[in-house]
Amino acid sequence: MVTETLPTTRSISEDAITAVAASLRGNLTQAGEAGYDEARAVYNAMIDKYPALIVRCRDVADVIAGVNFARDQGLLLSIRGGGHNGAGLGTVDDGLVLDLGLMHGVRVDPVSRTARVEGGALLSDLHHATAPFGLAMPSGIVASTGVGGITLGGGIGHLTRQLGLSIDNLLEADVVLADGSFVVASETEHPDLFWAVRGGGGNFGVVTSFLFKLHPISTLYAGPMLWPLERAAEVLRWYREFIVNAPETLNGFFAFLTVPPALPFPEHLWNQKVCGIVWSCTLPQEQAEVTFAPIRARFGQPALDGVGPISHQALQSMFDALYPAGEQWYWKSDFVNEIPDAAVDLHIRFAEQLPTWKSTMHLYPIDGVAGRVPRDATAWNYRDAHWGMVIIGVSPDPADSDRMTAWAREYWSALHPYSVGGAYVNMMMEEGQDRVRASYGDHYDQLARIKAKYDPDNLFQVNQNIKPA
Ligand SMILES: Cc1cc2nc3c(=O)[nH]c(=O)nc-3n(C[C@H](O)[C@H](O)[C@H](O)COP(=O)(O)OP(=O)(O)OC[C@H]3O[C@@H](n4cnc5c(N)ncnc54)[C@H](O)[C@@H]3O)c2cc1C
């Protein structure tokens, strides 16, 4: 979160800019130059910021040059991985954007079952690289998301119950610190930094590469199952009990949504508001079908049953076309431990008012393996919550922004009393220090001490910011 005002490039000499540009293997774009508007755009079209400089890094040396330049010139610095952050924390007005997008290489080692992933890679780069080996790691559900941002914030997705969060599969990170030095963070090297980057976001430095543990995952039995909104109370009451007791090979996130008015959805369902569960099961097909038989029979024939064999890579891209870059996006989230009947009723009231057909609400399970990691093992604070709830207003039309923002805020306010108090930092807007503190709970003070050690002047402050102690 941007909290301090620093000088803009108006105070920087052209010579200094020319010198840093000449030192790069990547490139530097200044405000007003050709390509500037494409280079400054981020995923959420509600965010319209005008950085003074955009440095597109090709390698670690470029990252060090960019960090040193921003610090020495007193510029606000934002790090951009995939540019997906809802609050737009991959960009900044007047300052310097360090764009890692050119650093998207992935090297898979099938013997050790690990992947070395550069800091600007997208989830699609990761899935593309690991799929041919029949390997995968747990991550988010839209493949255009950056590995950098999602991992540093936690990483929730289809495999969370079976394999944990993305950070639970992180073995090592290469980090460029605020003073321009380079360190490796792991259980054995700079373990305090390694603890902090697993959930503490981009507060501690620029991660130029991640080393992840991979798992043998190729074909799953997965997809959405939808029911009419009139059945939502029954489905949600059943789901809240079922999923927390389900085998960890089964993941399912609950959603309210509108059926997209396009193929392959059956035309008679187009634009209908529904509830659904997006399942993903790693059991072999025959066993998965046995698991799903009672679910399929539970409420009569679902309005749509899209669950079947699918490759991990295809599952991870299932929603990409529905949520392209360049649309209006506003979301609010909270961690949730219980969904009492009163909360179910409120959910349904707001689901009936979904403001646009792309707006939605998801409840992502974070129990199973993710819940069993000891709470103090990483900076991620809410290991004992059962779900990450997120309420999302989305539309291609800027005219919808106010209406969908108001809906998301009202929905969140109504449900917040039923939450555990804090939210997933990757699914927040800029909501102030109290919310950041609530999200880290009593891990905040430890994070602030580590911040003071590695970034005492808060150079990395364009994030859900942890103030140096
Ligand atoms: C369509 C969509 C779907 C999503 N689905 C999921 C999901 O299924 N599960 C989930 O957990 N989250 C999900 N998210 C949330 C996502 O995790 C966050 O938006 C995350 O911040 C995106 O990371 P990014 O690298 O793309 O973003 P950016 O905007 O580039 O960066 C976000 C933050 O991370 C920091 N950062 C990024 N890379 C680095 C790096 N290499 N080193 C240091 N700091 C870095 C930035 O400084 C910034 O503060 C989704 C978001 C969207 C828009």
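As the structure is a prediction and not an experimental result, all values here were calculated from the model.

A.B. asks: Would you explain the sheet that holds strand β2 (residues 53-56) in this entry?
C.D. replies: Spatial strand order, β1-β2-β4-β3: four strands in an open sheet with mixed pairing. Since the sheet does not close on itself, it has two edges, and those belong to β1 (27-30) and β3 (77-80), each with one partner. When the angles between neighbouring strand axes are averaged without regard to direction, this sheet yields 20 degrees. Running over the sheet, helix α1 (residues 14-22) touches β1 and β2 and is turned about 150 degrees from β1. Set on the sheet, helix α3 (residues 60-72) makes contact with β2, β3 and β4 (96-99); between it and β4 the angle comes to about 165 degrees.

A.B. asks: Where do I start with the site of the ligand in this structure?
C.D. replies: Around the ligand there are 34 residues in total, and Gly81, Gly83, Ile141, Ile156 and Tyr424 lie nearest to it. Gly81 places a polar main-chain atom, nitrogen or oxygen, 2.6 Å from an oxygen atom of the ligand. At 3.0 Å from an oxygen atom of the ligand is found a side-chain nitrogen or oxygen belonging to Asn85. For the ligand, whose free accessible area comes to 950 Å², the fraction covered by protein is 98%. Looking at the shell around the ligand, the elements that each hand over two or more residues are β3, α5 (147-153), β10 (206-213) and β17 (328-336).

A.B. asks: I'm lost on helix α14 (residues 433-440) in this one. Help?
C.D. replies: An α-helix turns once every 3.6 residues. As a result, residues three or four positions apart point the same way. Considered for burial, the residues of α14 that qualify are Arg435, Val436, Ser439 and Tyr440. Seen along its axis, α14 keeps its buried residues to an arc of 130 degrees; they face one direction. For α14, the elements touching its buried residues are β17, α13 (401-415) and α15 (444-454). Residue Gly441 follows α14 closely and has a positive phi angle near 50 degrees.

A.B. asks: How should I be thinking about the confidence of the model for the protein chain in this particular structure?
C.D. replies: Interpretation of the predicted coordinates at a detailed level should be avoided for regions scoring low in pLDDT. Overall, the predicted model of the protein chain reaches an average pLDDT of 96, with 98% of residues at or above 70. Contacts for the low-pLDDT stretch residues 1-7, under 50 throughout, to residues beyond four places or in other chains number 28 contacts.

A.B. asks: It is not clear to me how the sheet that holds strand β8 (residues 170-176) should be interpreted in this structure. Could you clarify?
C.D. replies: Think of a sheet as strands paired side by side through backbone hydrogen bonds, with each pair either parallel or antiparallel. Taken together, the five strands give an open sheet; going across it, the order is β5-β6-β10-β8-β9, and neighbouring strands pair in antiparallel fashion. At either end of the open sheet lies a strand with only one pairing partner, and these are β5 (106-109) and β9 (182-186). Adjacent strand axes in the sheet meet at a mean angle of 15 degrees, parallel and antiparallel pairs treated alike. Bridging between β5 and strand β6 (residues 114-118) involves four bridges; their strand directions are antiparallel. Following the sheet pairing, Val108 is matched in β6 by Ala115. Relative to β5, helix α4 (residues 123-130) is tilted by about 35 degrees, and along the sheet it contacts β5 and β6.

A.B. asks: Please explain the pattern of salt bridges as it appears in this structure.
C.D. replies: Between side chains of opposite charge, a pair can form when the charged atoms approach closely. Evaluation of the coordinates by the stated rule reveals 27 salt bridges. Across the salt bridge formed by Lys453 and Asp192, the nearest N and O atoms sit 2.6 Å from each other. With Lys453 in helix α15 and Asp192 in helix α7 (residues 191-197), the pair connects residues that are 261 residues apart, well separated along the chain. Sharing partners across several salt bridges, the network here consists of Arg237, Arg240, Glu241, Asp341 and Asp345.

A.B. asks: Honestly, helix α8 (residues 232-245) in this entry has me stumped. Any pointers?
C.D. replies: The end-to-end C-alpha separation of α8 is 20 Å, in line with the 20 Å expected for 14 residues at 1.5 Å each. When the local axis directions of α8 are compared, the greatest deviation, roughly 30 degrees, occurs at Tyr239. Residues of α8 that are buried: Ala232, Val235, Leu236, Trp238, Tyr239, Arg240 and Ile243.

A.B. asks: What is the right way to read unusual backbone geometry from this model?
C.D. replies: Trans peptide bonds make up most of the peptide bonds, and negative phi angles are found at most residues other than glycine. A cis amide bond, omega 10 degrees, links Leu263 with the succeeding residue Pro264. Looking at the element boundaries, Pro264 is found in the loop between β13 (250-258) and β14 (273-281). Its identity is not glycine, yet His190 carries a phi of approximately 45 degrees, on the positive side. One can find His190 in the loop between β9 and α7. In this structure His190 comes out as partly exposed when scored by relative accessible area, which is 31%. Of note, Asn271 is a non-glycine position whose phi angle comes to about 70 degrees, a positive value. Within the element layout of this structure, Asn271 appears in the loop between β13 and β14.

A.B. asks: Honestly, the pairing of β8 in this entry has me stumped. Any pointers?
C.D. replies: Walk down a regular strand and you will see the side chains alternate between the two sheet faces. The element β8 is largely enclosed, with a buried count of five among its seven residues. Both β8 and β10 contribute to a ladder of six bridges, which runs antiparallel. Note that in β10 the partner of Ala173 across the bridge is Phe210. Bridge count for β8 against β9 is five bridges, and the pairing is antiparallel. Paired with Val175 across the strands is Val183, a residue of β9. Between β8 and β9, which pair antiparallel and follow one another directly, the connecting turn spans five residues, one of which, Gly180, has a positive phi of 85 degrees.

Analysis parameters
Residues numbered from 1 in each chain as written. Predicted model: local features only at pLDDT ≥ 70, side-chain atom pairs only at ≥ 80, totals over all residues. Heavy atoms only, no water. Pairing = 2+ DSSP bridges. Helix = DSSP H or I, 4+ residues; strand = E, 2+ residues; numbered from the N terminus. Axes fitted to C-alpha atoms, helices over the stretch in contact; angles between N-to-C directions. Contact = heavy atoms within 4.5 Å. Near = heavy atom within 4 Å. Polar contact = N/O pair within 3.5 Å; in protein donor to acceptor, adjacent residues only side chain to side chain. Areas by Shrake-Rupley, 256 points an atom, 1.4 Å probe, with all protein chains shown as cover. Buried < 20%, exposed > 50% of the residue type's maximum accessible area, 1.4 Å probe, protein only. Arc of directions from axis to C-beta. pLDDT = per-residue confidence, 0-100. Salt bridge = Lys/Arg side-chain N within 4 Å of Asp/Glu carboxyl O. Expected span 1.5 Å × (residues − 1). Bend = angle between axes of the 7 residues up to and from the residue.

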